[in-house]
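These are the residues of each chain, in order.
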There are 2 protein chains.
Amino acid sequence: MTQEDNYAVGKQNSVRQLRDKASYDRELVHRILDTGLVAHVAFVQDGQPLVVPMIHARDGETLYLHGARKARVIRMLAENSKVCINVTLLDGIVLARSAFNSSMNYRSVTVHGVATLIESAQEKLHAMKCISEQLMPGRWDELRAPLEREVKMTGVIAVSIDSAAAKVASGLPEDEEDDYGIPVWAGTLPVVSNSGQLIDDERLQPGVRPSPAVLALQNRRL
Amino acid sequence: MTQEDNYAVGKQNSVRQLRDKASYDRELVHRILDTGLVAHVAFVQDGQPLVVPMIHARDGETLYLHGARKARVIRMLAENSKVCINVTLLDGIVLARSAFNSSMNYRSVTVHGVATLIESAQEKLHAMKCISEQLMPGRWDELRAPLEREVKMTGVIAVSIDSAAAKVASGLPEDEEDDYGIPVWAGTLPVVSNSGQLIDDERLQPGVRPSPAVLALQNRRL
């Protein structure tokens, strides 16, 4: 199956504000989804909006979410299938010469899709692996296999990416032409999320050291 | 007016999952809201869920959000007053001895409230100052005053914090007792967001340096 390079632009995903920052490029959307570690998942429950931060993983045009099988969010997502998911990476603060033109630099993706509760143990296991690998690449194969009861206790939601849009703001301030003469400092302050250094659990078996895959997680830009 | 130390626990904000991580402590909720630079704002539009990342500022029991007055999100928030807002700070990855018990450390707040479009220029200006000071403390007084047309062009939404809950996960893995004997490394990988070093705008007036308030924004844990 060949795919278009861009998501189709429709009522749901069309960006009206700051259109020059919008993109429907599939690769860019995927890259931002794959970089973020937290997805904000919104749905409607009894007419009320709800938004829950969840760990996600992307597999093609599907986003996997998980939680305890009995968790309210899993039950609600199974019942309320329309979802909107946003992943935002904050890149900096833009200090313009006016408060009005000050802003943020960011990479952000919004997805609209349909949530389905996964019943098959095989697909649940696949989703659990995708999520584990998104968070801690290489770790899955180092750990014992999930127990049958752990798979049973896990609720997995698959969300089809029906439409999506990215919005990216980067660079220096854009001030009013009149304001460039004001003798106030202006520029950008980058914001970066990094992983730090591993902290040993208190009950490690003697002589056990982090694997190369785990060591590689340290001191990285996220 | 005296306030209870805790938000009342009701149907909307009661945390069912991982209850030991839940808190309704007003100070903790405020602290997390005040630390985060991005709020995820969810609302319902024509039965569809929408979630939009926005800059926020808290003033007592009100959250201010803003955008272009004509922006779709401002118009929609003005029309769809029920909102749910989440602010999440990611603190680390918890690498347990099983994929099942691996998780994240975080501080997260969910607020339920009612959105109102602010009409008064004075309150709009106050909200703009709150948002500016949340993002760049001390900057407001260094910049020229907002122009009347800038205030007009800005749409401000006030959200009452009607109910709220915090959820905080921290510390080391909690593994199954049976798994502690497995000779695999386990522990925590901290994640930290920091500001970096200021980048000068290309059109600075000669000799203009960042003020102490701006310099103080550098190299900080966010």
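Here the residue numbering is sequential within each chain, running from 1 through the sequence in written order. Think of it this way: whatever chain is written first is A, whatever ligand is written first is 1, and the rest follow in order. Local features in a predicted model are, by the rule used here, given only for residues with pLDDT of at least 70; side-chain atom pairs are given and counted only at 80 or more, and totals for whole chains, interfaces and linings are based on all residues. Processing note: side-chain calculations cover all non-hydrogen atoms of the structure and skip hydrogens and water entirely.

- With an unreviewed UniProt entry as reference, chain A is termed Flavin-nucleotide-binding protein, source organism Woeseia oceani.

## Remarks on the overall build of chain A
Then, number 1: The helix count covers DSSP runs of H or I at least four residues long, the strand count covers runs of E at least two residues long, and both are numbered beginning at the N terminus. Each helix and strand counted, chain A has 5 helices and 10 strands in total.
Then, number 2: Each principal axis of the C-alpha distribution contributes one length, and for chain A these read about 65 × 50 × 40 Å.
Then, number 3: Here the term buried applies to any residue with accessible area under 20% of the maximum for its type, exposed to any over 50%, and partly exposed to those in between, with areas from a 1.4 Å probe on protein chains only. When the 222 residues of chain A are sorted by exposure, 53% land in the buried category.
Then, number 4: Pairs at least 24 residues apart make up 68% of the contacts formed inside chain A by residues separated by at least 6 positions.
Then, number 5: Split by element, the accessible area of chain A, about 10,300 Å² in all, is 49% carbon and sulfur.
Then, number 6: In this tally Asp and Glu are treated as negative and Lys and Arg as positive; neither His nor the chain ends contributes. Note on charges: their place is set at NZ of Lys, CZ of Arg, CG of Asp or CD of Glu. Here chain A holds 25 positive side-chain charges and 28 negative ones, and the gap between their average locations is 7 Å. Contact definition: two residues touch when any of their heavy atoms are within 4.5 Å. Each accessible area is a Shrake-Rupley estimate made with a 1.4 Å probe; only the visible protein chains count as cover when residues are assessed.

## Focus: the relation of the copies chain A and chain B
Then, number 1: Copy-to-copy superposition: least squares on the C-alpha atoms, limited to residues that have pLDDT of at least 70 in both copies. After a rotation of 180 degrees and a shift along the axis of 0.0 Å, chain A superposes on chain B with an RMSD of 0.0 Å. In symmetry terms, the pair is related by a two-fold rotation axis. Residues of chain A ranked by C-alpha distance from the rotation axis are headed by A:S193, positioned 2.0 Å from it.
Then, number 2: When the interface residues of chain A are mapped onto chain B, 100% of them again fall at the interface, so both copies present the same face.

## Focus: the pattern of salt bridges
Residue and element names in this part refer to chain B.
Then, number 1: Between Lys or Arg on one side and Asp or Glu on the other, a salt bridge is scored when a side-chain nitrogen of the former is within 4 Å of a carboxyl oxygen of the latter. Taken as a whole and judged by the stated rule, the model has 22 salt bridges over all chains.
Then, number 2: Between R97 and D175 there is a salt bridge, with the nearest N and O atoms lying 2.8 Å from each other. Taken together, the residues R97 in the loop between β6 (82-95) and β7 (103-117) and D175 in the loop between β8 (154-169) and β9 (187-195) connect sequence positions 78 residues apart.
Then, number 3: Where K152 meets E148, a salt bridge forms, and the shortest distance between an N and an O atom there is 3.6 Å. Remark: E148 and K152 occur in helix α4 (residues 148-153); sequence separation between them is 4 residues, near one turn of the helix. Across this residue pair, the class does not change: K152 and E148 are exposed.

## As for the packing of aromatic side chains
Here a ring pair, both rings aromatic, is described through the centre-centre distance and the interplanar angle of the planes.
Then, number 1: Aromatic rings from Phe, Tyr and Trp, taking only the six-membered ring of Trp, are treated as a pair when their centres fall within 6.5 Å; an angle between ring planes under 30 degrees marks them as stacked, one over 60 as edge-to-face, and anything in between as tilted. Using the criterion set out here, one finds 0 aromatic pairs over all chains in the structure.
Then, number 2: Only Lys NZ and Arg CZ are tested; either one counts as a charge over a ring when it is within 6 Å of the ring centre and within 35 degrees of the ring normal. The cationic tip of B:R26 hangs over the ring face of B:Y7; the distance from NZ or CZ to the ring centre is 4.4 Å.

## What to know about the side chain of B:S195
Then, number 1: Along the chain, B:S195 turns up in strand β9.
Then, number 2: On the basis of relative accessibility, which here comes to 4%, the residue B:S195 falls in the buried class.
Then, number 3: A polar side-chain atom of B:S195 sits 2.6 Å from the main-chain carbonyl oxygen of B:L217.
Then, number 4: What B:S195 contacts, discounting residues up to four positions off in sequence, is A:L189, A:P190, A:V191, B:L217, B:Q218, B:N219, B:R220 and B:L222. Throughout this description, a polar contact denotes any pair of N or O atoms lying within 3.5 Å of each other; where both atoms belong to protein, one of them has to be capable of donating a hydrogen while the other can accept it, and for residues adjacent in sequence the pair is counted only when both atoms sit in side chains.

## Concerning the state of the cysteines
Then, number 1: Disulfide assignment relies on a single distance test, namely cysteine sulfur atoms paired within 2.5 Å. For the structure shown, the criterion picks out 0 disulfides over all chains.
Then, number 2: No disulfide involves A:C84; its sulfur sits 13 Å from that of B:C84, the nearest cysteine.

## Quick notes on the interface of chain A and chain B
Then, number 1: Contact residues are listed per partner, giving 93 residues for chain A and 93 residues for chain B.
Then, number 2: Reported buried area values correspond to the accessible surface (1.4 Å probe) lost by two parts on association, with both partners' losses combined. Broken down residue by residue, the surface that chain A buries against chain B is led by A:P49, A:F100 and A:W185, which jointly contribute 10%.
Then, number 3: Across the contact surface, chain A and chain B share 8 salt bridges.
Then, number 4: In this structure, A:D179 engages B:R144 in a salt bridge whose closest nitrogen and oxygen atoms are separated by 2.7 Å.
Then, number 5: Counting the contacts that link chain A with chain B gives 32 residue pairs in polar contact (both at pLDDT 80 or more).
Then, number 6: Listed by contribution, the elements that provide at least two residues to the side of chain A that touches chain B are β2 (39-45), β3 (48-54), β6 (82-95), β7 (103-117), α3 (121-135), α4 (148-153), β9 (187-195) and β10 (199-200) of chain A.
Then, number 7: The nonpolar class holds Ala, Val, Leu, Ile, Met, Phe, Trp, Tyr, Cys and Pro. Asp, Glu, Lys and Arg form the charged class, and all remaining residues, Gly among them, are polar. A breakdown of the residues in the side of chain A that touches chain B according to their chemical character gives 47 nonpolar, 26 polar and 20 charged.
Then, number 8: As defined by bridge partners, β9(A) adjoins β9(B) across 5 bridges and the pair is classed as antiparallel. Considered in β9(B), the bridge of A:N194 is made with B:V192. Only strands that DSSP links by at least two bridges are regarded as paired with each other.

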